[in-house]
Amino acid sequence: MKLLNTQRLEYRAPGSFEETRYEKLHNVIFNSSIEGSKFIAHTIAGLIEQKQKNNEMCVLGLATGSSPISVYRELVRLHQKEGLSFQNVISFNLDEYYPISKDDIQSYHYFMHIHLFNHVDIKPENIHIPNGELPTDKTRSFCIKYEQKIEAAGGIDIQILGIGRTGHIGFNEPGSHRNSKTRTITLDHLTSYDAAPSFQGIENVPRKAITMGIQTILSAKRVLLMAWGTNKADIINKAIEGVVSSSIPTTYLQLHKNTTLILDNEAASELTRIKAPWLAANCEWDKNLRSKAISWLCRRTGKSILKLTDKDYNDNGMSDLLALHGSSYDLNIEMFNRLQHSITGWPGGKPNSDDKNRPERAIPEKKRVIIFSPHPDDDVISMGGTFDRLVAQGHEVHVAYQTSGNIAVSDQDAKRFLEVTQDILKSDQIKQIEKLNGEFENLNPNNPTPLGICNLKGSIRKGESLGATRYIGIPDDQVHFMNLPFYETGLIDKNPPSQKDLDLTMALIEELKPHQIYAAGDLADPHGTHRVCLNIIFGSLDALKTKSFMKDCWMWLYRGAWHEWEIHEIEMAVPMSPDQVLRKRKAIFYHQSQKDGVMFQGEDKREFWIRAEDRNAETAKKYKDMGLSDYAAIEAFKRYHFL
Ligand code: F6R
């Protein structure tokens, strides 16, 4: 048996042994989900190897969902590139939807084979996954045998877990008992809701699941729970800082002696030691932490910056900050000036003016700008007002739509366009249309959408985008439809980004040599398209950073449709008048396929233009509440320093 380089066994998570107030579950925070996933994969690989040396079997408890995908990717890499063998692995999956066929692409059976089992040398007889195909009267005995098999294998050595927004582990929804074992359970509404996009609608999500119980999980020798992205931040806070309760089943892990939560920065962002670290321990007070603390203090006390008193600082865990700086007066002024200087009506820099205290440089007066937009509408939704100003102020603005966005056009919309085309075509061209119509009839959600239909949908979004960019006033040759290949699967699941995606992005940046790049810094969903698009840009900038034109290139991140930067993070705030808000609304309206009901609505039922307006008005209100000018709306940006 070939053993691996044991260096990996020494892989240590940073800060593993920090003491933390308020926290009842051991956790480690990584800079990214990729780093966290590698840590988990290497921990598993280390145990498999150690057991191999002792001629023992290694029993893994495995999870599905979006969170462990990169863990499995790394395990597959270790198998293919570094000789990690799974011959001594026995696996037990946590759960499976019920009822569901093994061949259904949404089944966890299918998931595990696609992401792991088909690519490693695990023996098929050592794979155990709850069976979603059983008749109802057979499930009970199946569950009892499942428990017996785990016991017979010697118990689970490492159990990996994700966490649902209900706080479920496995599918142990709120109300699950500490002593529960493998059983069938009815899914919580929120869980079905989260699964709805992959099942093409909540009505197609199975109502039940078979899941290992809480006791089954607590019997594992080691538990690693992972959570990535802002969407998990609230529930992670409750799981770590709350008390043990059946209403948040993850809190049961507080009763387990060997559990670690592996988090990325975003999932950890609601923990007290991250959100308000001055309440948890003594702090190193740098400029950013001071801003964070003071905006938090304004919210907490309901006061504007210049009205905060020494007592407010002392009463809220910041007496050491006060001691360092002498008085609230100086701290208040520093924060007020910082916010004041972030506001500018000149996002491309104000010509012929002193730019010492402005977010952007005055020179060059006319800048070349690339706005990267992950989907064909994020540009106007997230920064339509700033886009409009840049154009009005004479900069050469290019928009690069990174993906076609074809998956988000409904079949009904696409067919409507086909009908219009059919009416104006000559009879010899109609065959092509009939072929596409036939493909619509045979669509199967389990198979990729045929290329012709993808192209039709992509071209609908292209037309909408050109409507908006023409309205804002840029020529068509400054609009770039990149159609990055990672997105073009014809399925909701995308491919991992490849060198081709990077090459296309680098080529565009090199050709345009921009002075400013705007990009969606959307970190809410680590596996979502926005995050992938951002990583592709980061990768490209990294490869290009030695080029001389890059010295003059600044990058500004806007947030996507769901979140806004925190006040203390904002480095450029571009205000809008009521009339500018209306222009932005009109630009968003051009994206008709994304108006009214959309395919991927998410939890927020508001239309995109309403979300965008509410968000921009809210940022303006925050500035006003902190004592700054009263604007109708503000778009916010954070600078990213890549050099
Ligand atoms: C999957 C499972 C669930 C998921 C949870 C999070 O086997 O048991 O508990 O871990 O629903 O799902 P994602 O990772 O998709 O957010």
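Now for a quick tour of the structure. (Residues numbered from 1 in each chain as written. Predicted model: local features only at pLDDT ≥ 70, side-chain atom pairs only at ≥ 80, totals over all residues. Heavy atoms only, no water.)

Quick notes on the overall build of the protein chain
Consideration 1: Within the protein chain one finds 20 helices and 17 strands.
Consideration 2: A compact globule built from 643 residues would reach a C-alpha radius of gyration of about 26 Å, and the protein chain, at 27 Å, matches this within 12%.
Consideration 3: Each principal axis of the C-alpha atoms in the protein chain carries an extent, and together these give about 85 × 80 × 45 Å.
Consideration 4: Buried positions account for 54% of the 643 residues belonging to the protein chain.
Consideration 5: A separation of at least 24 residues holds for 76% of the contacts in the protein chain among residues at least 6 apart in sequence.
Consideration 6: Here the protein chain holds 78 positive side-chain charges and 82 negative ones, and the gap between their average locations is 2 Å. (Helix = DSSP H or I, 4+ residues; strand = E, 2+ residues; numbered from the N terminus. Rg over C-alpha atoms; globule rule 2.2 N^0.38 Å. Buried < 20%, exposed > 50% of the residue type's maximum accessible area, 1.4 Å probe, protein only. Contact = heavy atoms within 4.5 Å. Lys, Arg positive; Asp, Glu negative; His and termini not counted. Charge placed at Lys NZ, Arg CZ, Asp CG, Glu CD.)

Details of the pairing of strand 14 (residues 516–520)
Consideration 1: Among the five residues of strand 14, five are classified as buried, and the element is accordingly described as predominantly covered.
Consideration 2: Side chains of strand 14 alternate between two faces, with Q516, Y518 and A520 and I517 and A519 buried alike.
Consideration 3: Sheet analysis places strand 11 (residues 368–373) next to strand 14, joined by three bridges and oriented parallel. By the bridge assignment, I371 is partnered in strand 14 with Y518.
Consideration 4: Across five bridges, the pairing between strand 14 and strand 15 (residues 554–558) is parallel. When the sheet's bridge partners are listed, A520 is paired in strand 15 with Y558. (Pairing = 2+ DSSP bridges.)

Describing the packing of helix 14 (residues 411–424) against helix 16 (residues 451–472)
The relative placement of two packed helices is expressed as an angle between their axes plus a distance between the axes.
Consideration 1: Where helix 14 meets helix 16, the closest approach of the two axes is 10 Å, and the angle between their N-to-C directions is 85°. Between helix 14 and helix 16, the angle falls in the class roughly perpendicular. Residues D411, D413, A414, F417 and L418 of helix 14 touch helix 16, and the partners they reach there are L456, K457 and I460.
Consideration 2: Among the residues forming the contact of helix 14 with helix 16, the class breakdown is five nonpolar, no polar and three charged. (Axes fitted to C-alpha atoms, helices over the stretch in contact; angles between N-to-C directions. Parallel < 35°, antiparallel > 145°, perpendicular 65-115°, else oblique. Nonpolar A, V, L, I, M, F, W, Y, C, P; charged D, E, K, R; others polar.)

With respect to the site of the ligand
Consideration 1: Around the ligand, the surrounding shell holds 14 residues, and the nearest of these are S67, D95, H168, G170 and K232.
Consideration 2: Here an oxygen atom of the ligand sits 2.7 Å away from a polar atom, N or O, in the side chain of T64.
Consideration 3: At 2.7 Å from an oxygen atom of the ligand is found a main-chain nitrogen or oxygen belonging to S66.
Consideration 4: Grouping the constituent residues of the shell around the ligand by class yields four nonpolar, eight polar and two charged. (Near = heavy atom within 4 Å. Polar contact = N/O pair within 3.5 Å; in protein donor to acceptor, adjacent residues only side chain to side chain.)

So, the pattern of salt bridges
Consideration 1: Under the criterion given, the structure shown has 27 salt bridges.
Consideration 2: A salt bridge links E334 to R290; the nearest nitrogen and oxygen atoms lie 2.9 Å apart. Here the residue E334 occupies a position in helix 12 (residues 328–342), and R290 occupies one in helix 9 (residues 287–301), the gap between them amounting to 44 residues.
Consideration 3: Under the relative-accessibility criterion, R290 is labelled buried at 11%.
Consideration 4: Put simply, K311 and D315 hold a salt bridge, and the shortest N to O gap is 2.7 Å. (Salt bridge = Lys/Arg side-chain N within 4 Å of Asp/Glu carboxyl O.)

Quick word on a nonpolar patch on the surface
Consideration 1: Together, L306, Y329 and I333 make up a nonpolar patch on the protein surface, roughly 310 Å² of accessible area in all.
Consideration 2: Mapped onto the elements, I333 comes out in helix 12. (Patch = residues over 30% accessible without salt bridge, like charges linked within 9 Å, V, L, I, M, F, W, Y side chains within 5 Å. Areas by Shrake-Rupley, 256 points an atom, 1.4 Å probe, with all protein chains shown as cover.)

A few points about the sheet that holds strand 13 (residues 479–481)
Consideration 1: Reading across the sheet, the seven strands line up as 13-12-11-14-15-17-16 and stay open at both edges, with mixed pairing between neighbours. Here the strands that pair on one side only, and so sit at the sheet edges, are strand 13 and strand 16 (572–576). The average undirected angle you get between the axes of adjacent strands in this sheet is 25°.
Consideration 2: Contacts between helix 13 (residues 378–392) and the sheet are confined to strand 11, strand 12 (396–401), strand 14, strand 15, strand 16 and strand 17 (633–640), with strand 17 contributing the most and set at about 90° to the helix.
Consideration 3: Contacts from helix 20 (residues 608–625) reach strand 16 and strand 17, with the element oriented near 85° to strand 17.

Description of the sheet that holds strand 7 (residues 183–186)
Consideration 1: Spatially, three strands are ordered 4-8-7 in an open sheet, and the strand pairing comes out antiparallel. Each of the sheet's edge strands pairs with one partner strand only, and the pair in question is strand 4 (95–98) and strand 7. Ignoring which end each strand starts from, the neighbouring axes of this sheet average 30° apart.
Consideration 2: With four bridges joining them, strand 4 and strand 8 (residues 208–211) adopt antiparallel strand pairing. Each bridged residue has a counterpart across the sheet, and for D95 the counterpart in strand 8 is T211.
Consideration 3: Where helix 4 (residues 136–152) meets the sheet, its contacts fall on strand 4, strand 7 and strand 8, and the angle it forms with strand 7 comes to roughly 125°.

With respect to the side chain of E241
Consideration 1: Within the element layout of this structure, E241 appears in helix 7 (residues 233–241).
Consideration 2: Buried E241, no salt bridge; nearest opposite-charge side chain is K24, N-O distance 6.7 Å.
Consideration 3: Among the polar contacts listed, one links the side chain of E241 to the backbone nitrogen of T272, at a separation of 2.7 Å.
Consideration 4: Not counting chain neighbours up to four residues away, the residues in contact with E241 comprise Y22, K24, L271 and T272.

Here we look at the state of the cysteines
Consideration 1: In this structure the tally under the stated criterion is zero disulfides.
Consideration 2: Just so you know, C298 is unpaired, no disulfide at all, and the nearest cysteine sulfur is the one on C283, 17 Å from it. (Disulfide = S-S within 2.5 Å.)

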